[in-house]
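Survey of secondary and tertiary structure
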Amino acid sequence: MNPGMLYASLAFLCWGLFPLYFHAIEEVAPQEILAHRMVWSLLFLGVVLTVRRQWGWLRSLKTQPRVVASFVASAFLLSANWFIYIWAVNNNHVVDASLGYFITPLVNVMLGFLLLHERLRRLQWLAIGLAACAVAWLTWQAGQIPWIALMLAATFGGYGLLRKTAVLGALEGLSFETLILFPLALVYMLWLGWQGQSGFVNTESHSTRALLLASGPITAIPLLLFAAGARRLPLAVLGLLQYIAPTGQLLIGVWVFHEAFTPERMLGFMVIWIALALYAIEGLWTTRISRNTA
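Heads up: these notes are all about the structure in this document. Everything quoted here is computed from the prediction, not taken from an experiment.

**Section: the overall build of the protein chain**
If you tally the helices and strands in the protein chain, you get 15 helices and zero strands. Relative to its length of 294 residues, the protein chain is compact, with a C-alpha radius of gyration of 20 Å against a globular reference of 19 Å. Taken along the three principal axes of its C-alpha coordinates, the protein chain extends 55 × 45 × 40 Å. The buried share of the protein chain, taken over its 294 residues, is 44%. Partitioning the intrachain contacts of the protein chain with sequence separation of at least 6 by distance along the chain shows that 85% fall at a separation of at least 24. Working note: accessible area of the protein chain is about 15,200 Å², and carbon and sulfur atoms make up 69% of it. Across the protein chain, the mean location of the 17 positive side-chain charges is 19 Å away from that of the 11 negative side-chain charges.

Structure representation (structure tokens):
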């Protein structure tokens with residue numbers, strides 16, 4: 001097997017299994033889980049950067065205020081995305097969360113059109129139109145807007161848009177984002193401890209403490225695998241593999257957590273899957289034509 005295919009598949013498989021991890025620590029409040037994820041991620045990434053001797057990029061940021069501002073924005077979008085996802089999992093909305101990550105690629109395309117003035121091809125427009133119809137159908141049959149899915153797609157789409165033009169790589173970028181969020185997270189954790197409200201301190205479960213401490217590598221390792229795979233694979237292949245994660249989340253939501261997945265809801269998902277299939281086929285076709293032309 002192509003090493004890039006293996007690395008990327010493992011990364012998306014890990015992300016697809018995240019609901020099991022967050023469900024295992026559901027006794028801790030989502031905002032505290034988020035704080036632990038920021039703090040322990042930075043410590044883990046700091047060790048990785050030290051071992052790889054990759055701290056030089058931090059000094060260069062002193063003279064690049066625009067880059068710093070961009071990463072401040074991406075850090076808060078990422079934290080918002082993490083918080084919504086953790087809350088969704090621990091409040092029995094795993095299926096809704098998976099929907100958000102299914103439609104994220106199409107949101108990315110739309111953001112590129114609106115903000116980067118990228119031209120959309122006909123099949124891309126058709127895919128976006130089908131996704132919009134599916135969201136409208138899900139809203140109508142449920143009697144409410146699928147706000148969890150839309151907020152996850154919007155925050156991660158916005159995050160991806162900022163990172164698309166970022167000068168830092170995946171490892172350095174996440175390290176800087178967690179460095180920005182670290183002071184807020186640490187102060188919040190200390191405040192919880194001072195008030196006697198810390199889930200980490202008050203829990204009687206040693207496994208919960210261990211899982212919270214493990215949030216650093218659990219967050220960073222899939223990202224490192226993804227970065228390694230992305231360097232070795234064409235974007236078209238990487239784009240297809242990304243659907244492993246929301247598919248895993250959907251299956252866990254339905255089969256493990258027994259969330260409702262009515263025929264009406266399944267119809268909405270099927271329309272989105274058709275839209276994604278059109279999007280993927282169009283991307284592969286365009287890539288093939290470009291290669292032949294070259």
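**Section: the nonpolar core**
If you look at the biggest cluster of nonpolar residues, it comprises 45 residues, and the most contacted ones within it are Phe22, Ile33, Tyr85 and Leu152. For this core, the elements supplying multiple residues, two or more each, are helix H2 (18-24), helix H3 (30-52), helix H5 (65-90), helix H6 (94-115), helix H8 (147-164), helix H9 (170-195) and helix H12 (215-230). Broken down by element, the residue count for this core peaks at 10 residues, all from H5. Apart from residues lying up to four places away in sequence, Ile33 is in contact with Phe22, Ile25, Val28, Ile86, Asn90 and Leu212. Grouped together as the second largest cluster of nonpolar side chains are 17 residues, Leu106, Ala134, Phe269 and Ile272 included.

**A few points about the environment of Arg231**
Within the fold, Arg231 resides in the loop between H12 and helix H13 (235-241). Note on Arg231: relative accessible area 63%, which makes it exposed. Arg231 sits 103 residues away from Ile128 along the chain, and the two C-alpha atoms are 28 Å apart.

**Remarks on the packing of aromatic side chains**
If you walk through the whole model with that rule in mind, you get 20 aromatic pairs. Judged by centre distance (6.4 Å) and plane angle (20°), the rings of Tyr188 and Trp191 are stacked. A residue pair is termed a helical-turn pair when its members lie 3 or 4 positions apart in one helix, as Tyr188 and Trp191 do in helix H9 at three residues. Tyr188 sits in the partly exposed class, given a relative accessible area of 26%. Through a chain of ring-to-ring contacts, the aromatic side chains of Phe18, Tyr21, Phe22, Tyr85, Tyr101, Phe156 and Tyr159 assemble into a single cluster. In this structure, Arg37 packs its charged tip against the face of Trp82, placed 4.1 Å from the ring centre.

**Topic: the pattern of salt bridges**
Tallying each qualifying case throughout the model produces two salt bridges. Between Asp96 and Arg265 there is a salt bridge, with its nearest N and O atoms 2.4 Å apart. Here Asp96, found in helix H6, pairs with Arg265, found in helix H15 (residues 263-293); they are 169 residues apart in sequence, far enough to count as distant. In terms of burial, Asp96 and Arg265 fall into one category: buried. The partner of Glu282 in a salt bridge is Arg121, with the nearest N and O atoms 2.2 Å apart.

**Regarding unusual backbone geometry**
Of note, the phi angle at Arg53 is positive, near 55°, even though the residue is not glycine. Relative to the helices and strands, Arg53 resides in the loop between H3 and helix H4 (56-60). Assessed through its relative accessible area of 77%, Arg53 is described here as exposed. The phi dihedral of His258 falls on the positive side, at around 55°, and the residue is not glycine. Mapped onto the secondary structure, His258 falls in the loop between helix H14 (244-256) and H15. Residue His258 is classed as exposed on the basis of its relative accessible area, which comes to 63%.

Thresholds applied
All residue numbers here refer to positions counted from 1 along the written sequence of the relevant chain. Side-chain atom pairs in this predicted model are given and counted only at pLDDT of 80 or more, local residue features only at pLDDT of at least 70, and totals for whole chains, interfaces and linings cover all residues. Only heavy atoms go into the side-chain values, all of them from the structure, while hydrogens and water stay out. Secondary structure follows DSSP: runs of H or I at least 4 residues long count as helices, runs of E at least 2 residues long count as strands, and numbering of each begins at the N terminus. Computation of the radius of gyration draws on C-alpha atoms alone. For the globule rule, the value is 2.2 Å times the number of residues to the power 0.38. Relative accessibility decides the category of a residue: with a 1.4 Å probe and only protein chains considered, values under 20% of the type maximum give buried, values over 50% give exposed, and everything between is partly exposed. Residues count as neighbours in contact if any of their non-hydrogen atoms are within 4.5 Å of one another. Accessible areas in this description were obtained via Shrake-Rupley with a 1.4 Å probe; residue shielding takes into account the shown protein chains only. Working convention for charge: Lys and Arg count positive, Asp and Glu count negative, and His plus the chain ends are omitted. For charged residues, the charge sits on one atom: NZ in Lys, CZ in Arg, CG in Asp, CD in Glu. Note on terminology: a nonpolar core comprises buried Ala, Val, Leu, Ile, Met, Phe, Trp, Tyr and Cys residues joined through side-chain atoms within 4.5 Å. Each Phe, Tyr or Trp ring (for Trp, its six-membered ring) is paired with any other whose centre lies within 6.5 Å, and the angle between the two planes then decides the class: stacked below 30 degrees, edge-to-face above 60, tilted in between. In this analysis the charged atom, NZ for Lys or CZ for Arg, is taken to sit over a ring once it is within 6 Å of the ring centre and within 35 degrees of the ring normal. Definition used for salt bridges: Asp or Glu carboxyl oxygen within 4 Å of a side-chain nitrogen of Lys or Arg.

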